[in-house]
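# Reading the structure
The chain contents come next:
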Amino acid sequence: STEIISRFQQYLRINTAQPYPNYSQSTQFIVSQAKTLGLESETIEFVKGKPVVLLKWPGKTPNLPSILLNSHTDVVPAEHHKWVHPPFQAHLDQDGNLFARGSQDMKCVGLQYLEAIRGLKESGFKPDRTVYLSFVPDEEIGGHDGAERFAESDKFQSMNVGIVLDEGLASPDENYRVFYAERCPWWLVIKATGAPGHGSKLYDNSAMENLLKSIESIRRFRAAQFDMVKAGLKAEGEVVSVNMVFLKAGTPSPTEGVEGHLSLGFVMNLQPSEAEAGFDIRVPPTTDPEYLEKRLAEEWAPSSRNMTFQLGQFKHKVPVHDKFGKPAVTATDNSNPWYSLLEEAVKKADGKVGKPEIFPASTDARYFRHRGLPAIGFSPMANTPILLHDHNEFLNQAEYLKGIKIYESIIKTYASFIGYSRDEESRAEL
Ligand SMILES: CSCC[C@H](NC=O)C(=O)O
Ligand SMILES: [Zn+2]
Ligand SMILES: [Zn+2]
């Protein structure tokens, strides 16, 4: 098992942090792992410099829909000096905790898939269904040049995928968490305009006052949503989250060193004529988007208060709308055999799963769900604090090894499931 851990460390040490991920090194690493495992590999650049590494373990019955194990290779940046151990050193401490950016999100999962396959191959197991692994780029910046392109490709179509596994979240208790849907990201910028004026004058309808009224109203909404979570009435993924992420206002005055001026960077005795605030909003699949858009237009950025807004995701500062409307949800009842098979497989490997949840943020799973496929978010990390995107992200090595056993059980169960669901049949006929 020291070899297993050192392979994990090798992967963690590759700096694939946005915005300049070293994808050539991660690709090289994954392809070399595939070779030692005897898996077929193919690297596809739907967008130049953004490799999707696709591995294949052919099944004995190749006409059965295949299983796709997806993981992203990029990680979010880290503030190196705020970590106890450098984020790309993959330091293993005395308690067996492995510190690295990506140890939870989600290099663990990508490599656990591979280690599980190694174990299964060594045991002589042969899959009925074909198992694919995809290592995709750019999830952390929206996945548009990675999983989105992949899911829309002819290649993907030809793979006849029947079920996708993707990332979940760590669980502080003993139950693994399972995700069947996710909230839709709405990035909102509201802008207020108003008459400028002397800093000493009290008057209505200044840009700052107009913006602050909106912020107050948005905060009341935020508190009401958060209260439902605090009271235990709703789970995190079942309410609308709203967080202000930037404030932009003031009249700049770059007078550093200029005689007679204070060097605050802003003019202090001038009320500005424009002010802006940005919000990260996440909308559960159960919330009516029209209701929220109405609320936005009428209460949060009313034109009667000289406010405008932009909604969407932003590419080069221009909003691009994601798929609004009804986000796709994966069934967890008996219409979806893959869900109960996963539960069963986890139990068989001595793991426990909690109630299925809505993922609070976004993952690449949405692109597969949009294709009409079931996708389950699952990262086997129990008794682990949730540290994705945080300082000092770590995963305990024993937990990592346990996760490999869990995946062995899942892959074995999935790959030897030859029952044909009605849904699969109708897809096969297309
Ligand atoms: C909405 S595109 C960005 C995707 C990103 N995913 C992980 O953190 C997220 O912010 O949820
Ligand atoms: Zn992730
Ligand atoms: Zn992430």
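Residues numbered from 1 in each chain as written. Chains lettered and ligands numbered in written order. Predicted model: local features only at pLDDT ≥ 70, side-chain atom pairs only at ≥ 80, totals over all residues. Heavy atoms only, no water.

The name an unreviewed UniProt entry gives the protein is N-acyl-aliphatic-L-amino acid amidohydrolase, with Stephania cephalantha as the organism. Checking UniProt for the protein, the heading Subcellular location (unreviewed entry) contains the comment "Cytoplasm". (UniProt positions renumbered as here; feature names shortened; annotations may be inferred.)

For the protein, the helix and strand inventory stands at 11 helices and 20 strands. Projected onto its principal axes, the C-alpha coordinates of the protein cover approximately 80 × 50 × 45 Å. By the burial criterion, 53% of the 430 residues in the protein qualify as buried. Of all intrachain contacts in the protein linking residues separated by at least 6 positions in sequence, the fraction that spans at least 24 positions is 80%. Carbon together with sulfur atoms contributes 52% to the accessible area of the protein, which is approximately 20300 Å² in total. Side chains of the protein carry 47 positive and 55 negative charges; the gap between the two charge centres is 1 Å. (Helix = DSSP H or I, 4+ residues; strand = E, 2+ residues; numbered from the N terminus. Buried < 20%, exposed > 50% of the residue type's maximum accessible area, 1.4 Å probe, protein only. Contact = heavy atoms within 4.5 Å. Areas by Shrake-Rupley, 256 points an atom, 1.4 Å probe, with all protein chains shown as cover. Lys, Arg positive; Asp, Glu negative; His and termini not counted. Charge placed at Lys NZ, Arg CZ, Asp CG, Glu CD.)

Summarising the metal site, the zinc ion (ligand 2) is bound by the protein donors His-72 (NE2), Asp-105 (OD), Glu-167 (OE) and Glu-167 (OE), whose distances to it range over 1.9 to 2.7 Å. Of note is the zinc ion (ligand 2), whose four donor atoms meet at the metal with angles of 53 to 151° in an arrangement that counts as irregular. For the pair the zinc ion (ligand 2) and the zinc ion (ligand 3), the metal-to-metal distance amounts to 3.4 Å, and Asp-105 bridges them. Here His-72, found in strand S3 (residues 66-72), pairs with Glu-167, found in the loop between strand S7 (161-166) and strand S8 (175-176); they are 95 residues apart in sequence, far enough to count as distant. Judged by its relative accessible area of 0%, His-72 falls in the buried class. (Donors = N, O, S within 2.8 Å, 3.2 Å for Na, K, Ca; no water. Tetrahedral: all angles 85-135°; square planar, octahedral: opposite > 155°, others 65-115°.)

Helix length check: helix H8 (residues 337-348), at 12 residues, gives a terminal C-alpha distance of 16 Å against a target of 16 Å (1.5 Å per residue), a fit within 8%. Listed as buried for H8 are Pro-337, Trp-338, Tyr-339, Leu-341, Leu-342, Ala-345 and Val-346. Sitting at the head of H8, Asn-336 places a side-chain oxygen 3.1 Å from the backbone nitrogen of Trp-338. (Expected span 1.5 Å × (residues − 1). Polar contact = N/O pair within 3.5 Å; in protein donor to acceptor, adjacent residues only side chain to side chain.)

Another point: the UniProt feature "active site" (unreviewed entry) in the protein. Residues given the UniProt feature "active site" (unreviewed entry) here are Asp-74 and Glu-139. These annotated residues cover 66 residues of sequence, and their C-alpha atoms all fall within 6.8 Å of one another, placing them together at a single site. Of the residues examined, Asp-74 reaches a relative accessible area of 0% and is grouped as buried. Beyond its immediate sequence surroundings of up to four residues, Asp-74 is in contact with Thr-16, Gln-18, Tyr-23, Asp-105, Val-136, Pro-137, Asp-138, Glu-139, Glu-140 and Ile-141. When you line up the elements, Glu-139 lands in the loop between strand S6 (131-136) and helix H4 (147-151). For Glu-139, a relative accessible area of 8% translates into the label buried.

A word on the coordination of the zinc ion (ligand 3). For the zinc ion (ligand 3), the full set of protein donor atoms is Asp-105 (OD), Glu-140 (OE), Glu-140 (OE) and His-389 (NE2), and the range of their distances to it is 2.0 to 2.5 Å. Around the zinc ion (ligand 3), the four donor atoms sit at angles spanning 57 to 147°, and that spread fits a shape best called irregular. Counting along the primary sequence, the residues that act as donors to the zinc ion (ligand 3) give the motif D-x34-E-x248-H. For His-389, a relative accessible area of 43% corresponds to the partly exposed category.

The next subject is the UniProt feature "binding site: Zn(2+) 2" (unreviewed entry) in the protein. Following the UniProt record, the feature "binding site: Zn(2+) 2" (unreviewed entry) maps to Asp-105, Glu-140 and His-389 here. The largest pairwise C-alpha distance within this set of annotated residues, which runs over 285 residues, is 10.0 Å, so the set is compact in three dimensions. What makes Asp-105 buried here is its relative accessible area of 3%. Leave out the neighbours within four places in its chain, and Asp-105 touches His-72, Asp-74, Val-75, Glu-140, Glu-167, Leu-388, His-389 and Glu-393. Here the side chain of Asp-105 touches His-72 through a polar contact of 3.1 Å, side chain to side chain. Among residues more than four places away in sequence, those in contact with Glu-140 are Gln-18, His-72, Asp-74, Val-75, Val-76, Asp-105 and His-389.

Inspection of the secondary structure puts Ser-379 in the loop between strand S19 (375-378) and strand S20 (394-396). There is a polar contact of 2.8 Å between the side chain of Ser-379 and the backbone nitrogen of Gly-168.

Where strand S1 (residues 40-47) meets strand S2 (residues 50-57), six bridges bridge the pair, whose relative direction is antiparallel. What sits directly across from Val-47, in S2, is Lys-50. Hairpin connection from S1 to S2: two residues lie between these consecutive antiparallel strands, with Gly-49 at a positive phi of about 80°. (Pairing = 2+ DSSP bridges.)

Right, let's talk about the sheet that holds S1 for a bit. The eight strands lie next to each other as S1-S2-S6-S3-S7-S19-S9-S18, forming an open sheet whose pairing is mixed. Only two strands of the sheet have a single partner each, and these edge strands are S1 and strand S18 (357-359). Geometrically, the sheet is characterised by an average inter-axis angle of 30° between neighbouring strands, direction not taken into account. For S7 and S19, the ladder comprises three bridges, and the chain directions are parallel. From the neighbouring strand, Asp-166 faces S19, where its bridge partner is Gly-377. (Axes fitted to C-alpha atoms, helices over the stretch in contact; angles between N-to-C directions.)

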